[in-house]
Each structure stands twice: as structure tokens, then as C-alpha cells.
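Coordinate inspection notes
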Amino acid sequence: MSTLFLILFVFSHSLCVLQTQGLNSADEVNDSLTYIWPLPFEFTFGNKTLSVHPQLSLVVGGNGGNSSILRLGFDRYKAIIFKNSHGVSSFDRIRGMRLSYDVTKLKVVVHSDSEDLQLGVDESYTLFVQKKDGQSIVGEATIEANTVYGALRALETFSQLCTFDYGSKSVQVYRAPWYIRDSPRFAYRGLLLDTSRHYLPVDVIKQVIESMSYAKLNVLHWHIIDRESFPLEIPSHPKLWKGSYTKWERYTVEDALEIVSFAKTRGINVMAEVDVPGHAESWGAGYPNLWPSTSCKEPLDVSKSSTFDVVSGILTDMRKIFPFELFHLGGDEVNTTCWSSTQHVKQWLQQHNMTTKDAYQYFVLKAQEIAISKNWTPVNWEETFNTFPTKLNPKTVVHNWLGPGVCPKAVAKGFRCIFSNQGVWYLDHLDVPWEDTYNAEPLEGINDVSQQKLVLGGEVCMWGETADTSDVQQTIWPRAAAAAERLWSRREATSSRNGNLTALPRLQYFRCLLNRRGVQAAPVTNFYARSPPIWSGSCYDQ
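A brief report on the enclosed structure follows. (Residues numbered from 1 in each chain as written. Predicted model: local features only at pLDDT ≥ 70, side-chain atom pairs only at ≥ 80, totals over all residues. Heavy atoms only, no water.)

1. A word on unusual backbone geometry
Inclusion rule: Numbering of helices and strands runs from the N terminus; a helix is a DSSP stretch of H or I covering at least four residues, while a strand is a stretch of E covering at least two. Buried, partly exposed and exposed residues are distinguished by accessible area as a fraction of the type maximum, computed with a 1.4 Å probe on protein chains only: under 20%, between the cut-offs, and over 50%, respectively.
For the peptide bond that leads from Ala176 to Pro177, omega is 0°, which places it in the cis range. Geometrically, the link from Glu298 to Pro299 is a cis peptide bond, its omega value of 5° lying close to zero. Structurally, the position occupied by Pro299 is in the loop between β11 (269-273) and α7 (305-319). A positive phi angle, close to 65°, is found at Lys216, a residue other than glycine. You can see Lys216 is positioned in the loop between α5 (202-214) and β10 (219-223). Of the residues examined, Lys216 reaches a relative accessible area of 0% and is grouped as buried. Non-glycine residue Asn353 carries a positive phi angle of around 55°.

2. Considering helix α6 (residues 253-264)
Test applied: For a helix, the expected span equals 1.5 Å multiplied by the residue count minus one. Should any heavy atoms of two residues lie within 4.5 Å, those residues are considered in contact.
End to end, α6 covers 17 Å across 12 residues, agreeing with the expected 16 Å (1.5 Å per residue, within 8%). Of all the positions in α6, only Val253, Asp255, Ala256, Ile259, Val260, Phe262 and Ala263 are classed as buried. Where α6 is buried, its residues meet α5, β10 and β11.

3. Concerning the sheet that holds strand β3 (residues 103-110)
Basically, it comes down to this: We treat two strands as partners when DSSP finds at least two bridges between them. What counts as an axis is a line fitted to C-alpha atoms, over the stretch in contact for a helix, and the angles between N-to-C directions run from 0 to 180 degrees.
Spatially, β1-β8-β4-β5-β3-β2-β7-β6 is the arrangement adopted by the 8 strands of the open sheet, whose pairing is mixed. Single-partner strands in this sheet number two, and they are β1 (42-44) and β6 (162-165). Averaged over all pairs of adjacent strands, the angle between their axes in this sheet comes to 30°, without regard to strand direction. Pairing of β3 with strand β5 (residues 140-145) involves 5 bridges; the strand directions are parallel. Counted as the bridge partner of Lys107 is Thr142 from β5.

4. Focus: the pattern of salt bridges
Short version of the rule: For this document, the term salt bridge refers to a Lys or Arg side-chain nitrogen within 4 Å of an Asp or Glu carboxyl oxygen.
Evaluation of the coordinates by the stated rule reveals 18 salt bridges. Close ionic contact of Arg181 with Glu42 constitutes a salt bridge, the shortest N to O distance being 2.3 Å. Of the two residues, Arg181 sits in strand β8 (residues 178-182) while Glu42 sits in strand β1, which places them 139 residues apart along the sequence. Residue Glu42 is classed as partly exposed on the basis of its relative accessible area of 21%. Between Glu156 and Arg517 there is a salt bridge; the shortest N-O distance is 3.1 Å. Here Glu156 is found in helix α4 (residues 148-161), whereas its partner Arg517 is found in the segment after α19 (504-516), with 361 residues between them in sequence. Under the relative-accessibility criterion, Arg517 is labelled buried at 17%. Each member of the salt-bridge network shares a partner with another, and the members are Asp194, Arg197, Asp226, Glu228 and Glu465.

5. Here's the deal with helix α9 (residues 343-351)
Spelled out, the test is: Directions from the helix axis toward the C-beta atoms define the arc.
Within the span of α9, buried status applies to Val345, Trp348 and Leu349. Projected down its long axis, α9 shows its buried positions confined to an angular sector of 100°, all on one face. Facing away from the buried surface of α9 by more than 90 degrees, the exposed residues are Gln343, Gln350 and Gln351. Those residues of α9 that are buried are in contact with α8 (337-341) and α10 (356-373).

6. Points about the state of the cysteines
Note the threshold: The term disulfide is used for any two cysteine sulfur atoms that are within 2.5 Å.
Inspection of the entire model under this criterion finds 3 disulfides. Shown here is the disulfide that connects Cys512 with Cys539, its sulfur atoms set 2.0 Å apart. Residues Cys512 and Cys539 are joined by a disulfide whose S-S torsion is about -115°; by sign, that bridge is left-handed. Taken together, the positions of Cys512 in helix α19 and Cys539 in the segment after α19 put the pair 27 residues apart, joining distant regions of the chain. Residue class for Cys512 comes out buried when judged on its relative accessible area of 1%. Ordinal numbering of bonded cysteines along the protein defines a disulfide pattern of 1-2, 3-4, 5-6.

7. Quick look at the packing of aromatic side chains
The test is simple: Two rings from Phe, Tyr or Trp (for Trp, the six-membered ring) form a pair when their centres are within 6.5 Å of each other. A pair whose planes differ by under 30 degrees is stacked, one over 60 is edge-to-face, and the rest are tilted. Two limits define a charge over a ring: the Lys NZ or Arg CZ must be within 6 Å of the ring centre, and within 35 degrees of the ring normal.
Following the criterion strictly, the structure yields 24 aromatic pairs and no others. Judged by centre distance (5.2 Å) and plane angle (80°), the rings of Trp222 and Tyr251 are edge-to-face. Here Trp222, found in strand β10, pairs with Tyr251, found in the loop between β10 and α6; they are 29 residues apart in sequence, far enough to count as distant. Taking the relative accessible area as the measure of exposure, Tyr251 reaches 0% and is therefore buried. Aromatic side chains Trp348 and Tyr362 sit 5.7 Å apart centroid to centroid with 50° between the ring planes, which places their arrangement in the tilted category. Placement of the pair is Trp348 in helix α9 and Tyr362 in helix α10, with a sequence separation of 14 residues. With a relative accessible area of 11%, Trp348 lands in the buried category. We classify Tyr362 as partly exposed; its relative accessible area is 29%. The rings of Trp37, Trp434, Tyr438 and Phe510 are connected pair by pair, giving a single aromatic cluster. Its end group placed over the ring of Tyr438, Arg486 keeps NZ or CZ at 5.1 Å from the ring centre.

8. Quick look at the environment of Asp471
The line we're drawing: Here a polar contact is taken to be a pair of N or O atoms separated by no more than 3.5 Å, where protein atoms must pair a possible hydrogen donor with a possible acceptor and residues adjacent in sequence count only if both atoms sit in side chains.
Residue position: Asp471 is located in the loop between β16 (455-462) and α16 (472-476). The class of Asp471 is buried, set by a relative accessible area of 14%. In the structure, Asp471 is positioned 49 residues away from Gln520 in sequence and 8.3 Å away in space, judged by C-alpha atoms. Within the structure, the side chain of Asp471 is placed 3.4 Å from the side chain of Arg530, a separation counted as a polar contact.

Pasting the structure below:
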């Protein structure tokens, strides 16, 4: 971080106002709160109002300043910021509208020219917005980041500082000067999207990814395949997507590559999941030999080497699509009844002196070996850890979901962990209130600092049994944003005893920001998530 920023930060620290009160009405935003979501790591502000030129220009510096990702990001955010502003028209000039502006350019310095996007990429940034002194008529906003992905997070923050004033028809920054130094609390901040229970068109997936970037989430966990459908093209085994619902509800290799590329330009990794050996009935629509029998269709047939040839082929093809270092192998809810009730599998178990529990372990470990051979780090649902913790590959990332207390056990044994406790972070549980989502703590029960570092972060899960294109966004938002702030912001800054005063007004404000950006985010406080408003009123009165 620049010395200049640190000096300015220390000098202006006394300007910061404590956050103690809530939103008073739809017409009055409480100035004691900071309406940036998620809350930055450190920030100060003043009491000035600055105008932003509608033709705001980008000035770049540093080794990574010429990144196409940065320039695309600037163009996206410029369109958001000036959505209601159409420049200075001839009519405005006649009326004497403002022709001079405090902020005319955005300077972005990116130190590294690497665009590699992996777990733990540096997303830190500094941002300051101020009016130039009397020696210059040119205003300036400055971003400094080590990577282009930190610059993207800064652009999001800058966009939230910019507000369109309908009176002057100009974009303004209130409470300037702003000095922000920011970085995420956790490296992994995820959202699971399930496209197997209901197919989601590529454009809808892109909309979800776009909305994730607004809350600074950085991993899309793409649960592509499950027992209900197999929608993804696998070139090495072209009959697999016969398991799709229809021939129109499929993803080509090109579709998947497009999604990964779209996500990368927003600083979001895509972690794919192939859930084995359970949740795989759809595989047999194209290859029935993968079923133990035609009357008992999952888990996958553990007794045949050809089963693992198919798994290997799938992972080989998917490795060409998904560059992220983590790959999810599922491993949850494996009902081994088919193995013990199908004669040839039962005979194989006896020949290998295995119980069905042994076979479950055998399948999971063999799938892990395949993934690791392709330079992936395996992620498995917690049942694998709960059942055979001493046998898992040490590289395994344990994905919690069944309830609290799993991550403490996993990190105590040296495993890394992702927190997704279904009681608070499963978005398809519509009766979980926003405050439960917000107050969930991935490090709960973990006091050892070295063990805390093994918690990669967390993930909210949008399981798709009751969500499709018609309602997926309002089911995700705004509760996903509550988890996003928990994962990004300092624990001390977001653990107030009275969230209704300190967090709720800010979350309501962010929900309205999402709405303004075209995201179908539901009201925050309705008893059932994604339910519509009960009467007429302002977006801010929810």
C-alpha cells in the first residue's frame, strides 16, 4: 500500500463516525451508518460532496494497468454509475447546469501483470476520493491494488460511493474525502448454484455471477450434475448428457468455457462438482452399465473398473474447462443398499473382503486419486470426513453442511474446511431469517490461530429443487449478501449485539441497490425468503 495513502489515512482517522443507529425512514438515510456492502476493513470519510464527471476517464499505471480485465471492469462500472446520467446536453448548457466537476478521472494502479486467478489471490486495495487542492481544478479518485482482482473489488466499492442526484442530474460522492483500505477476511467466499434439479440457461448463470461480484463473492460452486439430470457435454463419453431433462436443457463445452471466462473477468472462480458415488442415477441414461442394475440405479457400480474409466474421462474433459485448483467430488448421502442387494456387486465385495462402508471409502479415495492426478485439490462433503477421517487424502478440503461443529474437528486433524452449515447458509431453507445468516461464524469453536487459518471461508448454497429461472435470484438475494459481509469484513466490525440497528438498514439499502442494478432481490425481513412485498411502499420500507 502506498505511503501517501497511509499518511492520509492516519491524518483523517478522526473523521470516522461510529455506526450506532439505523434507517429512520424511506426519505432519510442515517448518516451515522456507512452504506458500503460488504463493510471495508478500514475507512474514513469527511463531510464534503463531490461531483463526478459523466465522461469519467480511466488513467492506468503499474505493470498490470493495461489489463483487459481492468478496462472491461471500468466500462461495466461506468455504465452502472452513470446509468441515469446522459452527459451534459445542449439543453442543460442553456439552463446553466453544472459544467465543471470535482472528479474527472479515475486513476488505477495495478502492480502485478499476472491475471492468474486461484484461491488466495490478492484482492486487497486502497481507494481514496478527494477534491484537488486550490492549485488544480482537476479532481481525482485513485485506486491502488497489487492485482487486477483487487482493482475490481475497489471498482465495486467506488460504484457504491457514487449516487445519482435527480435534482442536479449528476453523479455525486457524499461524505468525501473517502480513504479506504480493504482486504477480505476469508479467501473463499462462495455460492453454490444447482443446475441439475432445474436447468438454468447460460444467461441466467451469468446474471447470478454478475450479482455475486456486487457483494464481493469470489467462487461459484457449480453443482452441474446430480441424480435428476446430467446436462453437461462430455466429449469422451458423449452419451452421458442423454441424462439431461430434454435435448434443449444442456450445456456444451463452449457454454461452460464461456461461463468460466465471464466469471474470471469479474474475479470469480468456478469450482465444478461431480458428485460420486451417490447422486448419479442420471449417468446411466446414456451408459446403463454404470448402474448396479436397471432396477437399482445408484450409487455408481463400484465393482467395475469401467466405472472409474468414465469418472477419469469426465475429469479429464472438465480439467480443460475449469482451471480453478479446487474440484468438488461430492461424496454425500451415499445409500449403499444397491451394492448389497445386487448380486454381482455383492459378490465383488465378498471377493475383496469389503463391507459396503469399505466400498464407499474405496470409491471416494479412488476418485480423489484421479482428481489429484489431474492437478486438482479434492473437496468432499463432510460425510467422507465423518466416516473415514484417517483415510482421506491429506489434501482434502472438508465441506461442512450437516450442522455446526464439523470445521473444528476437521482443522484439528489438519484438514482445510469450508463452512456451509445448512441451518444458516442453505438458501433453499426459506424460513431462515437474514440475521441468522448474518450472525453465522465460520470460525465458531476454533480458537487456535493456526487452525483458524485452515478454514478457507464459507459458501451459501442455492439448491435447486424449488428454484429455477423464475425465482432463483430472489431466493439468493439478499440473504447471500448477509453471508458475504461475514466472509469479507472484520469480525469485530460485524458482530454488534444489535444488528437491527447497525446491519439491517445497510442490508436493506444494499438490497435496493441490487434492485436498481436489475437484480431481483427479495425484501430483507419477510418471514419467508423470496416472498413478495405485502403492500405498496418504498424499497427502503421492507
